[in-house]
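Residues per chain, in single letters:
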Amino acid sequence: MSYDFGPLAQLGKVRGGVFFVGLFGVGKMLKCICRSGVLVAASSLSVFPTYSYSQGGLGALYTVVVPTGDFGSANFARHLVSSLASVRAFCGDLDNSAYQVDCLAERFSAVSDSIPEGTDYDEVRALLNSASQDMAKLARNNRDWDLPRGQAAREGGAAERTTRPLTPVSAEVQEAVNRQAIFILEEVQTQLLRSASGSQSRYAQYAQIAQAIDSSKVLLRS
């Protein structure tokens, strides 16, 4: 089946640099939930993912030269810490907390995907990806069927959007789901610190990464 979208989208500017998007070609309007420059756009249509990040964001490309015997790169570790902090900032700006767990899942996946394979950070990549899958499954299993799935985006100088629609969690179980998501993140922190115990340089970097994950746990407790 094909659609003639005509003028695919018409944009109307609202506060905080956020845009409401209307797909007039198929006679539907996207439902948007926004605050502080972040919106969730939900539609019954498939939403195609966008893989574009601002320079220095999750898609930043690093060339790391490490002296023999040292672990990883302090600069890259700082990049990961910054990326994990931005996860909390982005998902914390969603107006409806029902989407937060799956937002964290999607953003953790994006951070994981930004880590090149075959590096000293393969374990970090694997743990973040595993946590992402577990939280996404948690959201799916506790979905609020009265709310639509939607894609979140921040417009403006630091434009950012999710790569897929987010699944809302039912209000009746949201507190319990948040506790389970916190447990998933705590397991990542525990495994990171345990695996790095034999190397001082690795432990120092893993401790920073584990600390950065705390901000997402704070969001889930709020």
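For the structure, check the block above.
Residues numbered from 1 in each chain as written. Predicted model: local features only at pLDDT ≥ 70, side-chain atom pairs only at ≥ 80, totals over all residues. Heavy atoms only, no water.

*Asks:* I'd like to hear about the overall build of the protein, residue by residue, with values.
*Replies:* The number of helices and strands found in the protein is 5 helices and 7 strands. N-terminal to C-terminal, the α/β element order of the protein is β-β-β-β-β-α-α-α-β-β-α-α. Summarising the internal contacts of the protein: among those between residues at least 6 apart in sequence, 62% fall at separations of at least 24. For the protein, the computed accessible surface area is about 11600 Å², with 51% contributed by carbon and sulfur atoms. (Helix = DSSP H or I, 4+ residues; strand = E, 2+ residues; numbered from the N terminus. Contact = heavy atoms within 4.5 Å. Areas by Shrake-Rupley, 256 points an atom, 1.4 Å probe, with all protein chains shown as cover.)

*Asks:* Tell me about the side chain of glutamine 151, and name the residues and values.
*Replies:* As for its position among the elements, glutamine 151 is in strand E6 (residues 150-154). Among the polar contacts listed, one links the side chain of glutamine 151 to the backbone oxygen of threonine 162, at a separation of 2.5 Å. (Polar contact = N/O pair within 3.5 Å; in protein donor to acceptor, adjacent residues only side chain to side chain.)

*Asks:* Break down the nonpolar core for me, citing the residues and quoting the values.
*Replies:* Counting 44 residues, the largest nonpolar core has Val124 and Met135 as its most contacted members. Secondary-structure elements contributing two or more residues to this core are helix H1 (74-92), helix H2 (100-113), helix H3 (122-141), helix H4 (174-195) and helix H5 (200-221). Sorting elements by how many residues they give to this core places H3 first, with 8 residues. With near-sequence residues (within four places) excluded, methionine 135 lies in contact with Val101, Leu104, Ala105, Phe108, Ala181, Ile184 and Leu185. (Core = buried A, V, L, I, M, F, W, Y, C linked by side-chain atoms within 4.5 Å. Buried < 20%, exposed > 50% of the residue type's maximum accessible area, 1.4 Å probe, protein only.)

*Asks:* Please provide a residue-by-residue account of the environment of glutamine 208, values included.
*Replies:* Following the sequence through the fold, glutamine 208 ends up in helix H5. Measuring from C-alpha to C-alpha, the distance between glutamine 208 and leucine 193 comes to 9.9 Å, with 15 residues separating the pair along the chain.

*Asks:* Requested: an account of the state of the cysteines, with residues and values cited.
*Replies:* A full pass over the atoms with the stated rule returns 1 disulfide. Disulfide pairing is shown between cysteine 91 and cysteine 103; the S-S distance is 2.1 Å. Across the S-S bond of cysteine 91 and cysteine 103 the torsion is about -85 degrees, and the bridge reads as left-handed. Note that cysteine 91 is positioned in helix H1 and cysteine 103 in helix H2, a separation of 12 residues in sequence. Each member of the pair cysteine 91 and cysteine 103 is classed as buried. (Disulfide = S-S within 2.5 Å.)

*Asks:* Requested: an account of the environment of serine 112, with residues and values cited.
*Replies:* With respect to the helices and strands, serine 112 occurs in helix H2. Remark: the alpha-carbon pair of serine 112 and arginine 125, spanning 13 residues in sequence, is separated by 4.7 Å. Apart from the residues within four sequence positions on either side, serine 112 is in contact with Arg125, Leu128 and Asn129.

*Asks:* Describe the pattern of salt bridges, naming the residues involved and giving the relevant values.
*Replies:* Pairing between side chains of opposite charge can happen when the charged atoms of each approach one another. For the coordinates displayed, the defined rule picks out 10 salt bridges. The closest approach of N and O atoms between aspartate 93 and arginine 154, which form a salt bridge, is 3.1 Å. With aspartate 93 in the loop between H1 and H2 and arginine 154 in strand E6, this pair connects stretches of sequence that are 61 residues apart. In this pair, the class of aspartate 93 matches that of arginine 154, namely buried. (Salt bridge = Lys/Arg side-chain N within 4 Å of Asp/Glu carboxyl O.)

*Asks:* Report on the side chain of arginine 125, specifying residues and quantitative values.
*Replies:* Note on placement: arginine 125 falls in helix H3. Those residues in contact with arginine 125 that lie beyond four places of it in its chain are Ser112, Asp113, Ile115, Pro116 and Glu117.

*Asks:* Lay out the pairing of E6 in plain terms, naming residues and giving numbers.
*Replies:* Burial analysis of E6 places 5 of its 5 residues in the buried class, which makes it a mostly covered element. Alternating residues of E6 divide into Gly150, Ala152 and Arg154 and Gln151 and Ala153, and every residue in both groups is buried.

*Asks:* Please provide a residue-by-residue account of the packing of H1 against H2, values included.
*Replies:* Where H1 contacts H2, the two axes come as close as 9 Å, and the packing angle between them is 155 degrees. When the interaxial angle is binned, H1 and H2 end up roughly antiparallel. Crossing hand, H1 versus H2: right-handed. Of H2, the residues touching H1 (which contributes Leu80, Ser83, Leu84, Val87, Phe90, Cys91 and Gly92) are Gln100, Cys103, Leu104, Arg107, Phe108 and Val111. Across the contact of H1 with H2, the residue classes break down as 9 nonpolar, 3 polar and 1 charged. (Axes fitted to C-alpha atoms, helices over the stretch in contact; angles between N-to-C directions. Parallel < 35°, antiparallel > 145°, perpendicular 65-115°, else oblique. Left-handed = near helix turned anticlockwise from the far one by under 90°. Nonpolar A, V, L, I, M, F, W, Y, C, P; charged D, E, K, R; others polar.)

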